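# Summary of the model geometry
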Amino acid sequence: MQSKNITRSQELFQQAQSLLPGGVDSPVRAFRSVGSQPLFIDRGEGAYVYDVDGNRYLDYVLSWGPLILGHANHDISRVICTTAQKGTSFGAPIPLELELARRVMGFYPSMERVRFVNSGTEATMSAIRLARAFTHRDLIIKFEGCYHGHTDSFLVQAGSGVATLGLPDSPGVPTVTANQTLIAPFNDLDAVKAIFQSYPHQIAAIIVEPVAGNMGVVPPVEGFLEGLRGLTEEFGALLIFDEVMTGFRVHPGGAQTLYNIKPDLTTLGKVIGGGVPVGAFGGRQAIMDLIAPAGPVYQAGTFSGNPLAMAAGVETLRILENPIVWENLEARSKQLKDGVLSILRKKALNYHLQSAGTMFTLFFTENPVSNWASASLANREKYAQFFRNMLDYGVYLAPSQFEAGFLSSMHGEHEILLTLEAIEQSLV
Ligand SMILES: *Cc1c(COP(=O)(O)O)cnc(C)c1O
């Protein structure tokens, strides 16, 4: 397979080095862990993106998850345009905030009150402040390999981006802050129990990706989420489900619906903005009423609840309320999964495909992956080679072994067949 001509992308990346640190605005985009250079994207259409050299790629990154309806969905583009014509930001309440709140709560009944913010990072950062205020405690528990945005408290054993770059921690995070974050291996309930026994009255909250996606897809083992719910109740801590990625992705109602666990607080992002920056956190009313101006916990944002994000979010959720959209997404996910498994069998490759709803990761390891320790055994060089081969075949996967791939409603049967063909050729 001939490599594609990416001259223009290469030129732009060269220029970008002298303008942006590392040439990008977010680290994993730089393609470093796959020994390659990023493509500059010109436009997207449905399941496809086109780079500035005119190459077309079937896209499984989908802006790292948000684009569940594919690129440049007509209905979403239309509401963004008509909304923009009436003004893009007022810093004042607008009716669309109520409409998006009602729709979010329709999918996530555990969110009795919701606050909209501008990113997943803001959502998790604020949720933790709120949990600390509510419980009058400082410590939090997070899991090795889970990512909750780039706030200081969370840059400890933080999965994909951080792990890919080989930064176990980040310089600039004060030790006193990092020390407030206690780490347990994902899927290890005994470790969590031991932490609670050591600090029975000091833990404000557990924050967890209920299906991990930021070390590649790692579903919870049976009883893990139930166990977290039980321990938090026993020790008076809050349970925060960070569903910024899993929301609308593992199930329209997120992992909390799929596994029937009610968290105290939930964070959302990605899908709920319909491709425009947005995040949200919400939960039990008694907790949320501590947020200013209802209560004393400060949280604010110039662009929070802005018309473009609210309009794109409302339109996305309106479309997702049609059950046929989810049924199709599940059918295509199954087609992809079955196809990959049969290729692996045929080639006698014992790699592990792990998936949940519309998220998947092919781990280049012969061990099942249940936590960061087992994920990190995956062969990164083999993944990098696979990634580059797939790109040559016109399929754009995440440029890291430790990321999820995503499907959109625009990935039809034809696209899945193209993908399977490319995988068959690319797996060596
Ligand atoms: C992407 C992500 C975040 C951060 O969201 P941003 O919008 O990138 O700030 C937080 N938590 C999880 C689980 C995510 O996948």
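These figures come from a predicted structure and were not determined experimentally.

Before going further, it helps to spend a moment on the confidence of the model for the protein. Residues shown with low pLDDT carry predicted positions that ought not to be read at fine detail. Counting all residues, the mean pLDDT for the protein is 95, and 97% of those residues have values of 70 or more. Here residues 164–168 scores under 50 on pLDDT; set against residues more than four positions off or in separate chains, the count is 10 contacts.

What follows deals with the sheet that holds strand β12 (residues 359–363). Spatially, 3 strands are ordered β11-β12-β14 in an open sheet, and the strand pairing comes out antiparallel. The sheet is open, and its two edges are formed by β11 (352–356) and β14 (405–406), each paired on a single side. Judged from the 2 bridges that link them, β12 and β14 form a sheet pairing that is antiparallel. Following the sheet pairing, methionine 359 is matched in β14 by phenylalanine 406. Strand contacts of helix α12 (residues 323–346): β11 and β12, with the helix running at about 170° to β11, the strand carrying the most contacts.

Before going further, it helps to spend a moment on the environment of tryptophan 326. For tryptophan 326, the position within the fold is in helix α12. For tryptophan 326, a relative accessible area of 10% gives the class buried. Through-space distance from the C-alpha of tryptophan 326 to that of cysteine 81 is 26 Å; in sequence the pair is 245 residues apart. When sequence neighbours within four positions are dropped, the list of residues in contact with tryptophan 326 reads Phe248, Arg249, Val250, His251, Pro252 and Thr358.

With that settled, consider helix α15 (residues 413–426). Along its 14 residues, α15 runs 20 Å from first to last C-alpha, staying within 8% of the 20 Å computed at 1.5 Å per residue. Those residues of α15 lying buried are Glu415, Ile416, Thr419, Leu420, Ala422, Ile423 and Ser426. Taken down its axis, α15 places every buried residue within 165° of arc, on the same side. Residues of α15 that are buried sit in contact with β2 (48–51), β3 (56–59), α12, α14 (380–392) and β13 (395–396).

Time to look at the sheet that holds strand β5 (residues 139–144). Adjacent strands of a sheet pair through backbone hydrogen bonds, lying either parallel or antiparallel. Here 7 strands make up an open sheet; going across it, the order is β4-β10-β9-β8-β7-β5-β6 and the pairing mixed. Each end of this open sheet is capped by a strand with a single partner; those strands are β4 (113–117) and β6 (181–185). On average, adjacent strands in this sheet sit at an angle of 20° to one another, irrespective of strand direction. Pairing geometry for β5 and strand β7 (residues 203–208), over 3 bridges, is parallel. Residue pairing across strands places isoleucine 140 opposite alanine 205, the latter belonging to β7. In the packing of helix α8 (residues 224–235) onto the sheet, the strands contacted are β5, β7 and β8 (238–242), and the crossing angle to β8 comes to about 145°.

As for its position among the elements, arginine 103 is in helix α3 (residues 95–107). Residue class for arginine 103 comes out buried when judged on its relative accessible area of 17%. Not counting residues up to four positions away in its chain, the partners in contact with arginine 103 are Val314, Leu317, Arg318 and Glu321.

Moving on, we get to the packing of α14 against α15. Relative placement of two packed helices is described by the angle separating their axes and the distance separating the axes. Between α14 and α15, the shortest axis-to-axis distance is 9 Å and the interhelical angle comes to 130°. Compared by their axis directions, α14 and α15 come out oblique. Note on packing geometry: the crossing formed by α14 with α15 is right-handed. Of α15, the residues touching α14 (which contributes Phe386, Asn389 and Met390) are Thr419, Ala422, Ile423 and Ser426. Here the residues of the contact of α14 with α15 are counted per class, giving 4 nonpolar, 3 polar and no charged.

To continue, consider the domain arrangement of the protein. Per the domain assignment, the segments of the protein are domain 1 (7–72 + 323–426) and domain 2 (74–320). Summarising the inter-unit geometry, the C-alpha centres of domain 1 and domain 2 are found 24 Å apart. At the boundary of domain 1 with domain 2, total buried surface from both sides reaches about 2,700 Å², with 68% on carbon and sulfur atoms. There are 0 salt bridges connecting domain 1 and domain 2. Seen at the junction of domain 1 and domain 2, the total is 8 residue pairs in polar contact (both at pLDDT 80 or more). Sorting the residues of the side of domain 1 that touches domain 2 by element identifies α12, β11, β12 and α13 (372–375) as the ones contributing at least two each. In terms of residue class, the side of domain 1 that touches domain 2 is made up of 22 nonpolar, 10 polar and 2 charged.

Near the ligand you find Ser119, Gly120, Thr121, Tyr147, His148, Gly149, Glu209, Asn214, Asp242, Val244, Met245 and Lys270, and these make up its full shell. Within the backbone of tyrosine 147, one N or O atom sits 3.3 Å away from a nitrogen atom of the ligand. In this structure, a nitrogen atom belonging to the ligand sits 2.7 Å away from a side-chain N or O atom of aspartate 242. Out of a free accessible area of 380 Å², the ligand has 83% covered by protein chains. When the residues that make up the shell around the ligand are grouped by side-chain class, the tally is 3 nonpolar, 6 polar and 3 charged.

Conventions adopted
Residues numbered from 1 in each chain as written. Predicted model: local features only at pLDDT ≥ 70, side-chain atom pairs only at ≥ 80, totals over all residues. Heavy atoms only, no water. pLDDT = per-residue confidence, 0-100. Contact = heavy atoms within 4.5 Å. Pairing = 2+ DSSP bridges. Helix = DSSP H or I, 4+ residues; strand = E, 2+ residues; numbered from the N terminus. Axes fitted to C-alpha atoms, helices over the stretch in contact; angles between N-to-C directions. Buried < 20%, exposed > 50% of the residue type's maximum accessible area, 1.4 Å probe, protein only. Expected span 1.5 Å × (residues − 1). Arc of directions from axis to C-beta. Parallel < 35°, antiparallel > 145°, perpendicular 65-115°, else oblique. Left-handed = near helix turned anticlockwise from the far one by under 90°. Nonpolar A, V, L, I, M, F, W, Y, C, P; charged D, E, K, R; others polar. Domains from an automatic or database assignment. Buried area = accessible area lost by both parts, 1.4 Å probe. Salt bridge = Lys/Arg side-chain N within 4 Å of Asp/Glu carboxyl O. Polar contact = N/O pair within 3.5 Å; in protein donor to acceptor, adjacent residues only side chain to side chain. Near = heavy atom within 4 Å. Areas by Shrake-Rupley, 256 points an atom, 1.4 Å probe, with all protein chains shown as cover.

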